[in-house]
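Structural overview
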Amino acid sequence: MKAMILAAGLGTRLKPFTNNHPKALAVVNGKTLLQRNIEYLASYGFQEVIVNVHHFADQIINVLEKNQGFGSEITISDETDEVLETGGGIKKSAWFLGKDTSPCLVMNVDILTDLNLKEMLSYHIEKKPIATLAVTLRDTSRYFLFDKKEQLCGWKNVKTGEEKISKQEDTYVPKAFSGIQILSPEIFTSINQTGKFSMVDIYLELAKSSTILGYEHDFSKFVDAGKPESILKAESMFP
């Protein structure tokens, strides 16, 4: 099965480490985030992985070559000319991710979790949405908004009050996105934007006419390891 690790970001939250390194190579208990997530994906059968690179791209490529992809078949999506954000990066990799009839998985490199991907994939295959988003009920500043059937209806930034609604409902359930998504291959023909853009905007647009579901994993370990203090927390949770 095919997967993508989004590793092209500048990692500004992880400074000063990212002044000289990509966030993908931040170390948690002797292993980089990149290695941990390649091995995590492989443990669920995702051994064909495309990794997008921009910030200190050569360091990521060198580590992957030196370690023979940590046992997986790795393809590089080169964004050194311009970082394309999540949506643009995924679209650029559509030739790899969307050429099969089976779903693919995309995750952020700075996420560490023990979410059971087999169960999430089974949920996606059973429900047949165009995308399934891993979410939890944790506190954050930005939320996806879902209806009672777990269908995506909108997005809200609770700090600024900004809200984007795709489907009107009487009530919404706010859930925090975990940076992991399973995509059906037909989604790639529905992405009309070009250049640099966010996948959040794609989901909000597609939710107007297509089914995008949330998949709760509140009982899983989860760390957004994109900040120095989060690396310390990750070390206590992921030996």
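Once that is clear, we can look at the side chain of Asn37. If you trace the backbone, Asn37 turns up in helix α1 (residues 33-42). Side-chain polar atoms of Asn37 contact the backbone oxygen of Val109, separated by 2.9 Å. A polar side-chain atom of Asn37 sits 3.0 Å from the main-chain carbonyl oxygen of Ile111. Residue contacts for Asn37: discarding those within four places in its chain leaves Ile5, Met107, Asn108, Val109, Ile111 and Leu112.

Bringing the nonpolar core into the picture now. Within the largest apolar cluster, 32 residues are counted, with the highest numbers of intra-cluster contacts made by Ile5, Leu34, Leu41, Leu105 and Ile180. Elements with a contribution of two residues or more to this core: β1 (2-6), α1, β4 (48-53), α2 (57-66), β6 (104-108), α5 (117-127), β12 (173-183) and β13 (212-216). Those residues in contact with Ile5, other than ones at most four positions away along the chain, are Leu34, Asn37, Ile38, Leu41, Val49, Ile50, Val51, Asn52, Met107 and Val109. Grouped together as the second largest cluster of nonpolar side chains are 29 residues, Ala94, Leu97, Leu133 and Tyr203 included.

Residue pairs three or four apart in sequence face the same way in an α-helix, which turns once every 3.6 residues. Those residues of helix α6 (residues 199-206) not exposed but buried are Met199, Ile202, Tyr203, Leu204 and Leu206. A distance of 3.1 Å separates the backbone nitrogen of Val200 from a side-chain oxygen at the start of α6, and that oxygen is part of Ser198.

Turning our eyes to something else, we now look at the packing of aromatic side chains. Pairs of aromatic rings are described using the distance from one ring centre to the other and the angle between the two planes. What the rule picks out here adds up to 5 aromatic pairs. Both rings, one in Tyr40 and one in Tyr44, keep their centres 5.8 Å apart while their planes meet at 80°; by these two values the pair is edge-to-face. According to the relative accessible area criterion, Tyr40 is buried, its value standing at 10%. Measuring from ring centre to ring centre gives 5.6 Å for Phe144 and Phe177, while their planes differ by 70°; the resulting arrangement is edge-to-face. Highlighted residues: Phe144 in strand β9 (residues 142-146) and Phe177 in strand β12, separated in sequence by 33 residues. Taken together, the ring pairs in this structure connect Phe144, Phe146 and Phe177 into an aromatic cluster. Taking the ring centre of Phe96 as reference, the NZ or CZ of Lys2 above it sits at 5.6 Å. Lys164 extends its terminal NZ or CZ atom over the ring of Trp155, reaching a point 5.4 Å from the ring centre.

This brings us to the environment of Gln59. The topology assignment puts Gln59 in helix α2. Sequence separation of Gln59 and Gly98 is 39 residues, and the distance between their C-alpha atoms is 27 Å. Look past the residues within four positions of Gln59 in its chain and what remains in contact with it is Asn20, His21, Pro22 and Leu25. A distance of 3.2 Å separates a polar atom in the side chain of Gln59 from a polar atom in the side chain of His21.

Bringing the pattern of salt bridges into the picture now. When the charged atoms of two side chains lie near each other, side chains of opposite charge can form a pair. Taken as a whole and judged by the stated rule, the model has 13 salt bridges. The residue Asp201 makes a salt bridge to Lys164 at a minimum N-O spacing of 3.4 Å. With Asp201 in helix α6 and Lys164 in strand β11 (residues 163-165), this pair connects stretches of sequence that are 37 residues apart. Lys164 gets classed as partly exposed once you look at its relative accessible area, which sits at 32%. Between Glu216 and Lys175 there is a salt bridge, with the nearest N and O atoms lying 2.5 Å from each other. With Glu216 in strand β13 and Lys175 in strand β12, this pair connects stretches of sequence that are 41 residues apart. The partly exposed category is assigned to Glu216, whose relative accessible area is 35%. Three or more residues are tied together by salt bridges with common partners; here these are Arg13, Lys23, Asp110 and Asp224.

About the criteria used
- Residues numbered from 1 in each chain as written.
- Predicted model: local features only at pLDDT ≥ 70, side-chain atom pairs only at ≥ 80, totals over all residues.
- Heavy atoms only, no water.
- Helix = DSSP H or I, 4+ residues; strand = E, 2+ residues; numbered from the N terminus.
- Polar contact = N/O pair within 3.5 Å; in protein donor to acceptor, adjacent residues only side chain to side chain.
- Contact = heavy atoms within 4.5 Å.
- Core = buried A, V, L, I, M, F, W, Y, C linked by side-chain atoms within 4.5 Å.
- Buried < 20%, exposed > 50% of the residue type's maximum accessible area, 1.4 Å probe, protein only.
- Phe/Tyr/Trp six-rings, centres within 6.5 Å; stacked < 30°, edge-to-face > 60°.
- Lys NZ or Arg CZ within 6 Å of the ring centre and 35° of its normal.
- Salt bridge = Lys/Arg side-chain N within 4 Å of Asp/Glu carboxyl O.

Coordinates in, geometry out; function isn't part of it.
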